[in-house]
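Coordinate analysis (summary)
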Amino acid sequence: MEFNENTPCCEEHEVHTELLKIVSEQLPKEDSLYDLAELFKVFGDSTRIRILFVLSEAEVCVCDLAEALNMTQSAISHQLKILKQSKLVKFRREGKSIFYSLADDHVRSILNLGLEHIEED
């Protein structure tokens, strides 16, 4: 049975009970899957991706980010708020400046794995 000529499907309907049992035991809880989907939505904006890539190279302030990305500080601040709420970036104060950086190495790994994936042949 083929539902879409571009998507191959099984010719006969057969449920593989043992495989489904293994999968269902390993599947994360629904709440976790929802949170993961929400996290990936944050990665769905090219401006936020650009900010994350800058921060993967150096800890910088909003002024530096705005200059590097040719954007207003207001636009950068708006995106940083979203990234901070999603625990993807952190900040520290130094005098009158606030410096942003990636929250942890997981964020760097997600960026690097995503880039590696899209650059595959």
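What comes next is a walk through the structure. As the structure is a computational prediction, the values presented were derived from the model and not from experiment.

1. Notes on helix H5 (residues 73–85)
Here H5 is 13 residues long and its end C-alpha atoms lie 18 Å apart, about the 18 Å a rise of 1.5 Å per residue gives. Those residues of H5 that fall on the buried side of the exposure criterion are Ile76, Gln79, Leu80 and Leu83. Buried residues of H5, viewed axially, fall in a sector of 105 degrees; they line one side. Within H5, the exposed residues directed more than 90 degrees away from the buried face are Ser74, Lys81 and Gln85. At its buried positions, H5 is contacted by helix H2 (30–42), helix H3 (46–57), helix H4 (62–69), strand S2 (89–94) and strand S3 (97–102). Directly beyond the C-terminal end of H5, a positive phi value near 60 degrees is found at Lys87.

2. Let's talk about helix H6 (residues 105–118)
With 14 residues, H6 extends 20 Å from end C-alpha to end C-alpha; this agrees with the ideal 20 Å at 1.5 Å per step. Structurally, the start of H6 carries an N-cap: the backbone nitrogen of His106 is 2.9 Å from a side-chain oxygen of Asp104.

The rules behind the values
- The residue numbers shown here count from 1 along each chain, following its written sequence.
- Totals for whole chains, interfaces and linings use all residues, but because this is a predicted model, local features are given only for residues with pLDDT of at least 70 and pairs of side-chain atoms are given and counted only at 80 or more.
- With hydrogens and water stripped out, all remaining heavy atoms of the structure feed into the side-chain values.
- A run of DSSP states H or I qualifies as a helix once it reaches four residues; a run of E qualifies as a strand once it reaches two. Both are numbered from the N-terminal end.
- By definition here, a helix of n residues has an expected span of 1.5 Å times n minus one.
- Burial classification: accessible surface area is computed with a 1.4 Å probe over protein chains only, and a residue below 20% of its type maximum counts as buried, one above 50% as exposed, and the rest as partly exposed.
- The directions considered for the arc run from the helix axis to the C-beta atoms.
- Contacts are assigned to residue pairs that have any heavy atoms within 4.5 Å of one another.
- Here a polar contact means two N or O atoms within 3.5 Å. Within protein one must be a hydrogen donor candidate and the other an acceptor candidate, and residues neighboring in sequence count only if both atoms are side-chain atoms.

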